[in-house]
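Fold and contact review
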Amino acid sequence: MNKKTSLLALLGVILLLAACGTAEPSDTAEPAAESTTSQDSGSGMGMGMGNMGGMMARHHAQIPADYAGMRSPVEADEASLARGAEIYTAQCATCHGDGGMGDGPAAAGLDPAPAAIAHTSQMLGDDYLFWRVSEGGGMEPFNSAMVSWKAVLDEDARWDVINYVRAIGSGQVMPMEQMGGAAYSPGSQAAQQEEMLTLGVETGVISEEEAALFAELHDTVESGMHSDSMSGGMDDRMQDSLSQLVADGSISQEQADAFSDIHDRLLEAELMK
Ligand code: HEC
């Protein structure tokens, strides 16, 4: 290739890039009548889920029979939390961050990103957490860098670290400061949610009415997911909370169905972080 043709080729690439760059904003500025991402991203379970967002895969994951229904035998007392803190800081904080918000120094290169476990563990069952800590993410549907700890940490140590993660998320203990990363804060959570809903409306994934409904019900649904009898994954726990709210008359069945539907569309569009 001589100098002139390679220059022309380069110019072509630049023009192409410029065209892509300008096409994008006008695409997103106009709300589509229907989401493009929600319909055609694999709705079936099993193979092929590897392409789905990490959050999506986690929410719909089925807890294997070996783990389902398991309850923690280790009380979250001071001794357990102290042991958990030590394990967490040494083994988990590089990825999940000191405060368990998924923002440790090793998080940047990971896709799917480390989960904000300080927050999600408030809503997840003992059985789900113990399964995930034991088996890690090297399998369908996760395909993530999450480490399998069953060969490294004995069962009690795994429960200790789960106790600790829940305690930093609930504000019961302050996170150690070693690796870096933010602590869980309801304020930043609220700001993030508002940003997600704005983006959802802008990209046509949800309507403004749906964003308003989601914002109105979100905290109630989430607090219904925190309970003493914790078992199940994210999806099970959300459905439990919604049914309970319908049963006690706090919300209607229509609102529950709408919430679930909005929630799934936000997940599928990978807007939920
Ligand atoms: C090499 C990075 C890395 C390390 C180290 C690591 N994790 Fe993870 N972890 C991840 C990633 C990435 C995910 C998200 C994808 C997934 O769920 O598999 C995750 C997910 C999880 C989940 C599921 C949370 C949810 O919301 O579904 C739990 C629980 C968890 N990790 C706990 C731990 C604990 C406890 C430790 C330390 C004993 C640890 N992790 C160490 C990368 C890591």
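Residues numbered from 1 in each chain as written. Predicted model: local features only at pLDDT ≥ 70, side-chain atom pairs only at ≥ 80, totals over all residues. Heavy atoms only, no water.

Moving on: the coordination of the iron atom of the ligand. Protein coordination at the iron atom of the ligand: the donors are H96 (NE2) and M146 (SD), at 2.0 to 2.2 Å from the metal. Coordination at the iron atom of the ligand is octahedral, judged from the 6 donor atoms that bind it and the angles of 88 to 179 degrees they form at the metal. Here H96 is found in helix 4 (residues 78-96), whereas its partner M146 is found in the loop between helix 6 (126-135) and helix 7 (155-170), with 50 residues between them in sequence. On the basis of relative accessibility, which here comes to 24%, the residue M146 falls in the partly exposed class. (Donors = N, O, S within 2.8 Å, 3.2 Å for Na, K, Ca; no water. Tetrahedral: all angles 85-135°; square planar, octahedral: opposite > 155°, others 65-115°. Helix = DSSP H or I, 4+ residues; strand = E, 2+ residues; numbered from the N terminus. Buried < 20%, exposed > 50% of the residue type's maximum accessible area, 1.4 Å probe, protein only.)

Around the ligand, a shell composed of 26 residues is seen, among which C92, C95, H96, S144 and M146 lie nearest. A distance of 2.5 Å separates an oxygen atom of the ligand from a polar atom in the side chain of S144. For the shell around the ligand, the secondary structure elements donating two or more residues are helix 4, helix 5 (117-120) and helix 6. Looking at the shell around the ligand residue by residue, the classes come out as 19 nonpolar, 5 polar and 2 charged. (Near = heavy atom within 4 Å. Polar contact = N/O pair within 3.5 Å; in protein donor to acceptor, adjacent residues only side chain to side chain. Nonpolar A, V, L, I, M, F, W, Y, C, P; charged D, E, K, R; others polar.)

We now examine the nonpolar core. Across soluble globular proteins, nonpolar side chains have a tendency to be buried as a group. Among the nonpolar cores identified, the biggest contains 54 residues, and Y88, I206, F214, V221 and L266 are the most heavily contacted of them. Looking at this core, the elements that each hand over two or more residues are helix 4, helix 5, helix 6, helix 7, helix 8 (186-202), helix 9 (208-225), helix 10 (234-247) and helix 11 (253-268). Built from parts of two domains, this core gets at least three residues from each of domain 1 (56-170) and domain 2 (186-268). Apart from residues lying up to four places away in sequence, Y88 is in contact with A93, H96, G97, D98, G100, I117, V161, Y164 and V165. (Core = buried A, V, L, I, M, F, W, Y, C linked by side-chain atoms within 4.5 Å. Domains from an automatic or database assignment. Contact = heavy atoms within 4.5 Å.)

Glancing now at the pattern of salt bridges. Counted under the stated rule, the structure contains 6 salt bridges. Notably, a salt bridge pairs D126 with R71, separated by 3.5 Å at the nearest N-O pair. A residue pair is termed long-range when its members are at least 10 positions apart, and D126 in helix 6 and R71 in the loop between helix 3 (54-60) and helix 4 qualify at 55 residues. Here D126 falls in the buried class, since its relative accessible area comes to 6%. For the salt bridge of R166 with D126, the shortest nitrogen-to-oxygen distance reads 2.8 Å. Taken together, the positions of R166 in helix 7 and D126 in helix 6 put the pair 40 residues apart, joining distant regions of the chain. Like R166, the residue D126 is buried in the burial classification. Shared partners join several salt bridges into a network, and the residues in it are R71, D126 and R166. (Salt bridge = Lys/Arg side-chain N within 4 Å of Asp/Glu carboxyl O.)

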